Amino acid sequence: MKVDRPIAISVIIFIIVLLIYFFVAPKYIEFKDLQIKLGKAEAEYNGKFAYYSEISQIFTKLEDNKESLEKIENAIPPKPQLADLVYFFQQKGVESGLIVKDILLTKISPATSESNIKEIVFSLDALGSYQSFKNFLSSLESSSRLFEVGNISFGLQIASQSPPKTPTVQLMAQQTFSFQLEIKTQSY
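Residues numbered from 1 in each chain as written. Predicted model: local features only at pLDDT ≥ 70, side-chain atom pairs only at ≥ 80, totals over all residues. Heavy atoms only, no water.

What follows deals with the overall build of the protein. If you tally the helices and strands in the protein, you get five helices and four strands. For the protein, the sequential pattern of α-helices and β-strands runs α-α-α-β-β-α-β-α-β. Relative to its 188 residues, the protein shows a buried fraction of 19%. By sequence separation, contacts in the protein at least 24 residues apart represent 72% of the contacts at least 6 residues apart. Roughly 14300 Å² of accessible area belongs to the protein as shown, and the carbon and sulfur atoms make up 61% of that amount. (Helix = DSSP H or I, 4+ residues; strand = E, 2+ residues; numbered from the N terminus. Buried < 20%, exposed > 50% of the residue type's maximum accessible area, 1.4 Å probe, protein only. Contact = heavy atoms within 4.5 Å. Areas by Shrake-Rupley, 256 points an atom, 1.4 Å probe, with all protein chains shown as cover.)

Here we come to helix 3 (residues 82-96). Relative to the 21 Å expected for 15 residues at 1.5 Å per residue, helix 3 spans 21 Å between its end C-alpha atoms, a close match to the ideal helical length. Of all the residues in helix 3, the buried ones are Leu85, Phe88, Phe89, Gly93 and Ser96. Down the axis of helix 3, the buried side of the element spans an arc of 130°, and every buried residue falls inside it. Those residues of helix 3 that are exposed and angled more than 90 degrees off the buried face are Ala83, Tyr87, Val94 and Glu95. (Expected span 1.5 Å × (residues − 1). Arc of directions from axis to C-beta.)

One pass over the full model with this rule turns up three salt bridges. In this structure, Glu44 and Lys48 form a salt bridge, with 3.4 Å as the shortest nitrogen-oxygen distance. Taken together, the residues span about one helical turn, with Glu44 and Lys48 both in helix 1 (residues 5-64) at a distance of four residues. With relative accessibility at 45%, the residue Lys48 sits in the partly exposed group. In this structure, Glu119 engages Lys107 in a salt bridge whose closest nitrogen and oxygen atoms are separated by 3.9 Å. In this pair, Glu119 sits in strand 2 (residues 118-128) while Lys107 sits in strand 1 (residues 99-108), placing the two residues 12 residues apart along the sequence. The exposure class assigned to Glu119 is partly exposed, which follows from its relative accessible area of 25%. For Lys107, a relative accessible area of 42% translates into the label partly exposed. (Salt bridge = Lys/Arg side-chain N within 4 Å of Asp/Glu carboxyl O.)

The next subject is the side chain of Ser132. Looking at where Ser132 falls in the secondary structure, it is placed in helix 4 (residues 130-142). Owing to a relative accessible area of 7%, Ser132 belongs among the buried residues under this scheme.

A word on the environment of Phe179. One can find Phe179 in strand 4 (residues 176-187). Sequence separation between Phe179 and Gly155 is 24 residues; the distance between their C-alpha atoms is 6.7 Å. For Phe179, the residues in contact, after removing those within four places along its chain, are Leu98, Leu124, Asp125, Ala126, Gly128, Ser129, Tyr130, Phe133, Ser153 and Phe154.

In this structure, Phe89, Leu124, Phe136, Leu140, Phe147 and Ile183 are the most contacted members of the largest nonpolar core, which totals 17 residues. If you list the elements that add at least two residues to this core, you get helix 3, strand 2, helix 4 and strand 4. Ignoring anything within four residues of it in the chain, the contact list for Phe147 reads Leu85, Phe88, Phe89, Leu140, Ile183, Lys184 and Thr185. (Core = buried A, V, L, I, M, F, W, Y, C linked by side-chain atoms within 4.5 Å.)

Another aspect to go through is the packing of aromatic side chains. Overall, the coordinates contain 13 aromatic pairs when judged by the stated rule. For the pair Tyr45 and Phe49, a centre-to-centre distance of 6.2 Å together with 25° between the ring planes defines the contact as stacked. Of this pair, Tyr45 and Phe49 both sit in helix 1, four residues apart, which is roughly one turn of the helix. Judged on exposure class, the residue Tyr45 and its partner Phe49 are both exposed. (Phe/Tyr/Trp six-rings, centres within 6.5 Å; stacked < 30°, edge-to-face > 60°.)

Two numbers describe how helix 3 lies on helix 4: the axes approach to 8 Å, and their chain directions differ by 135°. Classified by the angle their axes make, helix 3 and helix 4 are oblique. Remark: the crossing between helix 3 and helix 4 carries right-handed chirality. The segment helix 3 lies against helix 4, with Phe88, Phe89, Lys92, Gly93 and Ser96 engaging Ser132, Asn135, Phe136, Ser139 and Leu140. For the contact of helix 3 with helix 4, a count of residues per class yields four nonpolar, five polar and one charged. (Axes fitted to C-alpha atoms, helices over the stretch in contact; angles between N-to-C directions. Parallel < 35°, antiparallel > 145°, perpendicular 65-115°, else oblique. Left-handed = near helix turned anticlockwise from the far one by under 90°. Nonpolar A, V, L, I, M, F, W, Y, C, P; charged D, E, K, R; others polar.)

Treat this as a map of the structure, not an account of what it does.
In structure tokens form, the structure reads like this:
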């Protein structure tokens, strides 16, 4: 039996097409799907790797700046330690030459839904010279804690014992004045 060559070639080509259609094409499609999944997995891995490396860098920066973060923690502490604040005001008053008469807690505002920061307001009465008052204000300003001095009122308390015959500036330096401050600070 002799088979025609063109018919045999067309049958072989037909069989090859069928084999490709039923066996090779599904595997090729599966291969492409796996390549797509692999690409997505690589992209996800690269994204996570970049994320974790960035977190690692931020962590090392935080570790390097630990002292600065502690200063920030001191500036706005998590709990309003009122006794520490009163002691701080008394110490700074003594260091600057003021006599702190009264320290009154006038207001603690509750935390709002917009921010968790509470505002604490003190009223402070003190006696001293202008220079000691200036030193007290500069010590508040240079402290690591954030203070805002609101209202300041002052008046002449006690004149010097003997009226000096010197210029007015020396008279003011020797006089004792009464100061009343409103000091605001925050905690969260």
